[in-house]
Structure formats: structure tokens, C-alpha cells
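Single-letter residue listing:
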Amino acid sequence: MGNVCVMPDKVETAASPQGDGRATRWEDHKAERRSRILEAAMEAINEDGPDVGVQQIANRADVPRSVVYRIFTDRGDLDEQLRGRIIERLMADLAPTLTPEGTVGEAIARAVETYLRWIVEYPRLHQFLGTGSPSRRTTGSRVVTGTKTAIALQLSGLLAKVLDTVAGNSELAESLAFGLVGLVDASVNRWLSNPQSALGSDELAEFLEVSIWQVLHGNLARIGVAIDPSTPVSELQ
């Protein structure tokens, strides 16, 4: 008899169901650990300030320190993904207010008060978004910059619809949107960084509401559009 080639009953490859199952379980396990570490990091920063160490985060997440560095490339990667998680939490509260309802004045107040309420509740998380850890100052975060841009673009789209309706021209929309986001961001960051500020959160909210209204009112009046804070948003869309 000639040579007989006996084929195995099954050759397991990366594409086999068993291989796929292992890969899926590993990815799920890795994702669960990543989420646990990010949540632990947020809790640690919120309680102890932005200069928490990796060991503190690992202890709170109940994982070895080495696991943190298997899941995140380095501390910079951990910090940037952490900013993304913080922004997710912020936007869960803030995003609904970017679709305004009620009167113009009520819509402005709702957005400002929601944002400030979140900042007063999580001041250290907000500080971390802007500056990171005192020992690891950041010169800029793609996540934070991208989020500010996304908010401004969403607001720009809303203002474009309003301007098209009331003026037949939406050229001012983008400049207004980015200007308003910059105004709020700079004012809030300065207020948080200055513990001697004479303004409380209620006074800051009032300042922002008046300032936003005046920017909108002044620019709309310049192109011949008259609205006031009691104007229903529905009439402008």
C-alpha cells in the first residue's frame, strides 16, 4: 500500500468559531477592565484631585498596576481616554439642552444652568479636562478640542436654522456659535481657577445668561431682527 495521508478531523484556525469565541471573550474582558479603570480614575480624581497616580487608580479598580499599562499605552493614553469618559458623562446631561424648547430666555438659562450644575458637582473633573494633572500639564487634548468644536458646530446648525427663518441669511451662524462657546468656556475656566472670585455659581449663571443674550440680541438687531427673551423658540425655527 502507498503512503496514506491522514487528515485531522478539524484544524482550528483564528477564523474558527472556537478561535473567534476566545478572541471575543478576551476583547470583552479587556473592554470591561478598561471601563472599570476609567470609572475608578474618575472617582479618584473627583475625590482626591487631578494629580492621582496610576497605583491609586489600580487599587481603586482592584487590578494590578501592570494591567493598567497592558490596557493603556502609557499615562498619556490613559489621561486622554479618561477625558473622553468625563466628556461622555458631561454630554449625557448637556446634550438635551442643545435642542432648545420654551422661550429663548428659558432655553439659554436651561443650557447654562445644566452646565454649571455639572461643574459645581464635579469641579475636579472639569479641571482635569482643561489642564490635566498639575504634575503633567497638557498643552492640548484632541478629545477636549474635538468636543468643543462639536458643540459649537451643533449650535451653529441651530443658529443657522434660526437665521434662515428670521433673516433669510445664516452667514453669522458659525461665528456666533464659536464665539458663544468660547465666551462660556473662558469665563467658567477663570471662575474655577480663581477661588477668590466674588461671584457665586448663581451670579456666574446670571452673567452668562445675560452675556449670551446680549451677543445674540446685538447681532440680530444689527441685521434688522427683533426678538426678546420671551420669544418662543418654536417661532424661530
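Scroll up to find the structure this text is about.
The sections below set out a description of the structure shown in this document. Throughout, residues of each chain are indexed from 1 in the direction in which the sequence is written. Only residues with pLDDT of at least 70 are given local features in this predicted model, and only at 80 or more are side-chain atom pairs given and counted; all residues enter the totals for whole chains, interfaces and linings. Heavy atoms from the whole structure form the basis of all side-chain values; hydrogens and water molecules are not counted.

As for the overall build of the protein chain
Item 1. A helix here means a DSSP run of H or I that spans at least four residues, while a strand means a run of E at least two residues long, and both kinds are numbered starting from the N terminus. When its secondary structure is counted, the protein chain shows nine helices and two strands.
Item 2. Reading the protein chain from its N terminus to its C terminus gives the helix and strand order α-α-α-α-α-α-β-β-α-α-α.
Item 3. When the 237 residues of the protein chain are sorted by exposure, 38% land in the buried category.
Item 4. Whether two residues touch is decided by their heavy atoms; if any such pair falls within 4.5 Å, the residues are in contact. Summarising the internal contacts of the protein chain: among those between residues at least 6 apart in sequence, 67% fall at separations of at least 24.
Item 5. Computed with a 1.4 Å probe, the accessible areas rest on the Shrake-Rupley method; for each residue, only the protein chains presented here act as cover. Carbon together with sulfur atoms contributes 52% to the accessible area of the protein chain, which is approximately 13500 Å² in total. The buried label applies to any residue whose accessible area, calculated with a 1.4 Å probe on protein chains only, is under 20% of its type's maximum; exposed applies above 50%, and partly exposed to all values in between.

A few points about the packing of helix H4 (residues 75-94) against helix H7 (residues 142-166)
Item 1. An axis is simply a line fitted to the C-alpha atoms; with a helix, the fit covers only the stretch in contact. Between two such axes, the angle follows the N-to-C directions and lies from 0 to 180 degrees. The geometry of H4 relative to H7 is characterised by a closest axis approach of 9 Å and an angle of 25° between their N-to-C directions. Here H4 lies roughly parallel to H7, going by the angle between them. For the pair formed by H4 and H7, the contact residues are Glu80, Arg83, Gly84, Ile87, Met91 and Leu94 on the first element and Arg142, Val143, Val144, Thr147 and Ile151 on the second.
Item 2. Each residue is assigned to one of three groups, with Ala, Val, Leu, Ile, Met, Phe, Trp, Tyr, Cys and Pro labelled nonpolar, Asp, Glu, Lys and Arg labelled charged, and all others, Gly among them, labelled polar. Of the residues contributing to the contact of H4 with H7, the split by class is six nonpolar, two polar and three charged. Under this scheme an angle from 65 to 115 degrees is roughly perpendicular, one under 35 degrees roughly parallel, and one over 145 degrees roughly antiparallel; angles in between are oblique.

Overview of the pattern of salt bridges
Item 1. Any carboxyl oxygen of Asp or Glu that lies within 4 Å of a side-chain nitrogen of Lys or Arg is treated as forming a salt bridge with it. Counted by the stated rule, this structure contains nine salt bridges.
Item 2. When the shortest N-O distance is used, the salt bridge between Glu39 and Arg89 registers 3.1 Å. With a gap of 50 residues between them, Glu39 in helix H1 (residues 17-48) and Arg89 in helix H4 connect regions that are remote in the sequence.
Item 3. As a salt-bridge pair, Asp185 and Lys148 come within 2.9 Å of each other at their nearest N and O atoms.

Considerations on the environment of Ile45
Item 1. Structurally, Ile45 can be placed in helix H1.
Item 2. Sequence-distant contacts of Ile45, defined by excluding residues within four places in its chain, comprise Pro50, Val52, Leu82, Arg124, Leu125 and Phe128.

Quick look at helix H9 (residues 201-222)
Item 1. A helix is expected to span 1.5 Å for every residue after the first. The terminal C-alpha atoms of H9, which comprises 22 residues, lie 31 Å apart, in line with the 32 Å expected from a rise of 1.5 Å per residue.
Item 2. Those residues of H9 that sit buried are Leu204, Ala205, Leu208, Ser211, Ile212, Trp213, Leu216 and Leu220.
Item 3. Structurally, H9 contributes buried residues whose contacts are with helix H5 (104-121), H7 and helix H8 (173-193).
Item 4. After H9 finishes, the residue Gly224 shows a positive phi value of roughly 85°.

Re the nonpolar core
Item 1. To qualify as a nonpolar core, a set must consist of buried Ala, Val, Leu, Ile, Met, Phe, Trp, Tyr and Cys residues joined through side-chain atoms within 4.5 Å. Membership of the largest hydrophobic core comes to 61 residues, with the highest contact counts inside it found for Ile37, Val68, Leu78, Leu82, Ile86, Leu116 and Val188.
Item 2. The element that contributes the greatest number of residues to this core is H8, accounting for eight residues.
Item 3. In this structure, Leu116 is in contact with Val188, Ser201, Leu204, Ala205 and Leu208, ignoring residues within four places of it in sequence.

Brief notes about the packing of H5 against H9
Item 1. Between H5 and H9, the least distance of the axes is 9 Å, while the angle of their chain directions is 140°. Looking at the two axes, H5 sits oblique to H9. Read as a crossing pair, H5 and H9 show a hand that is right-handed. Residue-level inspection shows Val104, Ile108, Ala109, Val112, Glu113, Leu116 and Val120 of H5 in contact with H9, the latter providing Ser201, Leu204, Ala205, Leu208, Glu209, Ile212, Trp213 and Leu216.
Item 2. Grouping the amino acids of the contact of H5 with H9 by side-chain chemistry returns twelve nonpolar, one polar and two charged. Each crossing gets its handedness from the near helix: less than a right angle anticlockwise from the far helix is left-handed, clockwise is right-handed.

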